[in-house]
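# Inside the fold
Single-letter residue listing:
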Amino acid sequence: MAPARRDCSGWEMFLPTGCLFLSALLFHPGVAKVCNDRTKHGQDNSWFTREGEKLPIMVLMPMNESAQMSSISRGIEPAVQLAIQHIRESRKYPFSLITKIYDTECDNAKGLRAFFDAICYGPKHLMIFGGVCPSVTSIIAESLEGWNLVQLSFAATTPVLADKKKYPNFFRTVPSDNAVNPAVVKFLNFYNWSRVGTLTQDVQRFSEVRNDLTNELEKAGIQIADTESFSNDPCVNVKKLKDNDVRIIIGQFDEHLASKVFCCAYNLNMYGSKYQWIIPGWYQQHWWEQANNTNCTSKKLLTAMEGYISVDFEPLSSRPVKGISGRTPKEYEEEYYRDLRPKGVEASKFHGFAYDGIWVIAKTFNRVMELLRTKQRQNMYHNFTVDDREVGKMVLDVMNETNFNGVTGQVMFRNGERMGTIKFNQFQEGQEVKVGEYNAIADILDLQNDSIRFQGVGPPKDQTIVDLQRRHINVLLYSILSTITILGMLMAGAFLFFNIKNRNHRLIKMSSPYMNNLIILGGMLSYASIFLFGLDGGFVSDKVFETLCTVRTWILIVGYTTAFGAMFAKTWRVHAIFKNVKMKKKIIKDQKLLIIVGGMLLIDLCILICWQIVDPLKRTVEEYSLEADPHGRDIAIRPFLEHCENTHMTIWLGIVYAYKGLLMLFGCFLAWETRNVSIPALNDSKYIGMSVYNVGIMCIIGAAVSFLTRDQPNVQFCIVALVIIFCSTITLCLVFVPKLITMRTNPDAATQNRRLKFTQNQKKEDSKTSTSVTSVNQTNTSRLDGLQTDNHRLRMRITELDKELEEVTMQLQDTPEKTPYIKQNHYPDANNILSIRNFTDGKDGEKSILKNHLEQKPQAQWGSMDPSRISRGPLEDINSPEHIQRRLSLQLPILHHAYLPSIGGVDASCTSPNGSPGSSPRHRHMPPSYRVMVSGL
């Protein structure tokens, strides 16, 4: 066998820092000489051929009481000796193990010195057992490949040693700190927690565990809502977890900072039925009493800690199964404590892993010896030799194949990592109680549901359960307003029936029944939009709601334009007729009014179509801040409200409002211009003004209140519905109720002038005199039946006066040179005669006035002369017969208004008064050029 050559060259390859230290020792003359002598002394590699061979094991761990973690070493020594004893007693292994302990003192330099002493001065070691302090273990483990040695640790849990590229020859019987992460993920999945947060102490050991946990959570599809790290004061980070609504908190910190964490949790009320803390389980017993350096009392800490889950590896298997030693874990534990008591040392939770570790070494050596002996037999005719490199590789391969039941459970390695059992404990009433365990080999989580306790009805939620509640319109309110709307539509239907039934009546015919129908149609469309405004996502689907957004807008806009467009079109016709200064013949049919209304609707359609194509209304959801559950459940209420909006809502509404505003102003203008038209059946100016006023005020108030109450759908719907109902109802009532009243009381009076008042204004300009007569204001009329008698008597009187007037006229025409002038008093009498003649078929209320006036004038005045006017000069011509006849011809056409034929006046088919000079004034009428015909009324 070739001797093993162990020098600093292998060390230099893997550990430059350690090599410097060892080089310093080797270059010391005395030390180097002794080391070389010792290495040459141990060159025998035939240990596997001899029965009963004592195989030394290098044990590295801190033994000095002043060193950190020395209590672990003292606590595992009885377990190691007990394992060696049990191996010897089993008589299954043809060798005996001898442990040689080297004190590392948890110091890197002293640990390297102890390792060097074991290599140079100790026996030839086939394996290294130990490694407690992470820093010393990582330094030594990094150089093992150069020394062809394999190390097995029983207490090094640092995750950094899991890197097989850096530490290929390192194994451990204790699970890594990262081994708890798959168990934690399994535990989270068991309770369907899909949202967690982490709180980590800013130390490399905990940061590495946190990083590995993050990878495991991402693989499992669990959301990490927040990741917080702290160094000393964790309160700020705990507050951030609460602000982010983290309910399941996975902590990685030592027991000294754990007391601060739970003190902050108590102050922030982050405990109880709404929160679940998961922390490491390797803390010392009653750690909150020993490590409490906060201002919170133990009682407060216990209150905040109640129910937390701790996760750690299982020191001993809980299954009563005999392992490789022929003992159950319980039987081994009893022997361990029996041997520990005389020594007066504290038990170590790693003692089971140390016990199983010795058995791993024994099984490995036994298997390696079998392999070497097999090779030796196969090469019995050759000089069989084996070097340390080959032995080291065989040990490494056999270690990876290890699989047996020990006191800590099934012992098996995966890439050098122990696949162990993870336990779950819960803090209940001041103590930790085991509630379950996780088998890493079988990937099975076994929880004792009857032992785990949650402070609420069940497990806490992984986040605040947000119950989205739609702010919908109250069904009772919708029903009430719908009932009112239906009543309004029935009223509109009654008006429509009334209008159609009496369409041939003079009163209704003069008020344009077709336009009245359009007004009713517009009102009913406005009423119908209320039903659509009350439908939200609680009644219809989202797609239907989005369609309703467009439909209800179109219906309301078209209904408004139809109603007021028809009303304003009627008023425009009255304005066009009565403001006709030239008094020419003007025919305005209903077809033209329908075209006007159609034009208004066409503008509406253009706006709405452009709106729909360019920027259509869509369903948007507005969410509001969280609200507490009124029933006290562990949920939060997030109200949301559906709106009909688009990108440029303000612009489109501005266009619609501007167009409707101009329409309203145009209606106000027409109402003002026709305010003096005295035929009630034609003139709705007063009612239009009232409608425009009410609609304008209500729309302004409704729009403002609706905008301010957009987050209160019941109030908003109530305001919008009442505004539409009020505006539609008041408009229909103002248009049709007066007609209903008039039809019931006096159907003919509304089609006549309330009062015709003539006023004479004489103005001298270029030797011409003009007379103007105007019709003013409306007055109450009396019934015709009571004035029939007076009317007959006045007609008789007019006939007599006509004869006298004819005689006077004939005299004036026959002897103009003999009558240089007419008495001035005769002129008013002539005018009075004409006035009575034209008022005969007019309003009877004026006849009594004319009668009294005529009776006061003696008939004898027509033939008398005023001598004082004989010599007046050129002014005498003003009363000449030519001038009198000229004035009469000007007055009569004006007095015969366009509507006098329809209300009992002069027949429009009569000839002109200028046609026959000798004809009676009773039969003189205005020429056709002065008539104004109104068709379709």
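Residues numbered from 1 in each chain as written. Predicted model: local features only at pLDDT ≥ 70, side-chain atom pairs only at ≥ 80, totals over all residues. Heavy atoms only, no water.

All told, the structure shown has 22 salt bridges when counted by the stated rule. Note that Glu417 and Arg172 form a salt bridge whose closest N and O atoms lie 3.0 Å from each other. Of this pair, Glu417 sits in strand β13 (residues 417-418) while Arg172 is found in strand β5 (residues 170-172), placing the two residues 245 residues apart along the sequence. Linked by salt bridges that have partners in common, Glu89, Arg327, Glu335 and Arg338 make up one network. (Salt bridge = Lys/Arg side-chain N within 4 Å of Asp/Glu carboxyl O. Helix = DSSP H or I, 4+ residues; strand = E, 2+ residues; numbered from the N terminus.)

This part takes up the packing of helix α4 (residues 70-90) against helix α15 (residues 351-378). Where α4 meets α15, the closest approach of the two axes is 8 Å, and the angle between their N-to-C directions is 35 degrees. Relative to α15, the crossing made by α4 is right-handed. From α4, Gly75, Ile76, Ala79, Val80, Leu82, Ala83, Ile84, His86, Ile87 and Ser90 reach across to α15, where they touch His351, Ala354, Tyr355, Ile358, Trp359 and Ala362. Residue classes in the contact of α4 with α15 are distributed as twelve nonpolar, four polar and no charged. (Axes fitted to C-alpha atoms, helices over the stretch in contact; angles between N-to-C directions. Left-handed = near helix turned anticlockwise from the far one by under 90°. Contact = heavy atoms within 4.5 Å. Nonpolar A, V, L, I, M, F, W, Y, C, P; charged D, E, K, R; others polar.)

Here we take up the sheet that holds strand β6 (residues 195-201). In spatial order, the strands read β7-β6-β8-β9-β10-β14-β15-β16; together these eight strands make up an open sheet with mixed pairing. Looking at the sheet topology across the chains shown, the edges are occupied by β7 (223-230) and β16 (444-447). Within the sheet, the average angular offset between the axes of one strand and its neighbour, ignoring direction, is 25 degrees. Note: strand β15 (residues 431-439) against β16, four bridges, orientation antiparallel. Each bridged residue has a counterpart across the sheet, and for Asn439 the counterpart in β16 is Ile444. (Pairing = 2+ DSSP bridges.)

Moving on, we get to the side chain of Thr173. Tracing the sequence through the fold places Thr173 in the loop between β5 and α8 (180-190). Accessibility expressed as a relative area gives 0% for Thr173, which makes it buried. With near-sequence residues (within four places) excluded, Thr173 lies in contact with Leu152, Ser153, Phe154, Phe353, Gly357, Val360, Phe413 and Arg418. (Buried < 20%, exposed > 50% of the residue type's maximum accessible area, 1.4 Å probe, protein only.)

What follows deals with the confidence of the model for the protein chain. Mean pLDDT over the protein chain works out to 76, with 74% of the residues at or above the 70 mark. For residues 815-876, every residue scores under 50 in pLDDT, and the model assigns this stretch 88 contacts once sequence neighbours within four places are set aside. Ignoring residues within four places in sequence, the model shows residues 890-937, a span with pLDDT below 50, making 99 contacts including any to other chains. (pLDDT = per-residue confidence, 0-100.)

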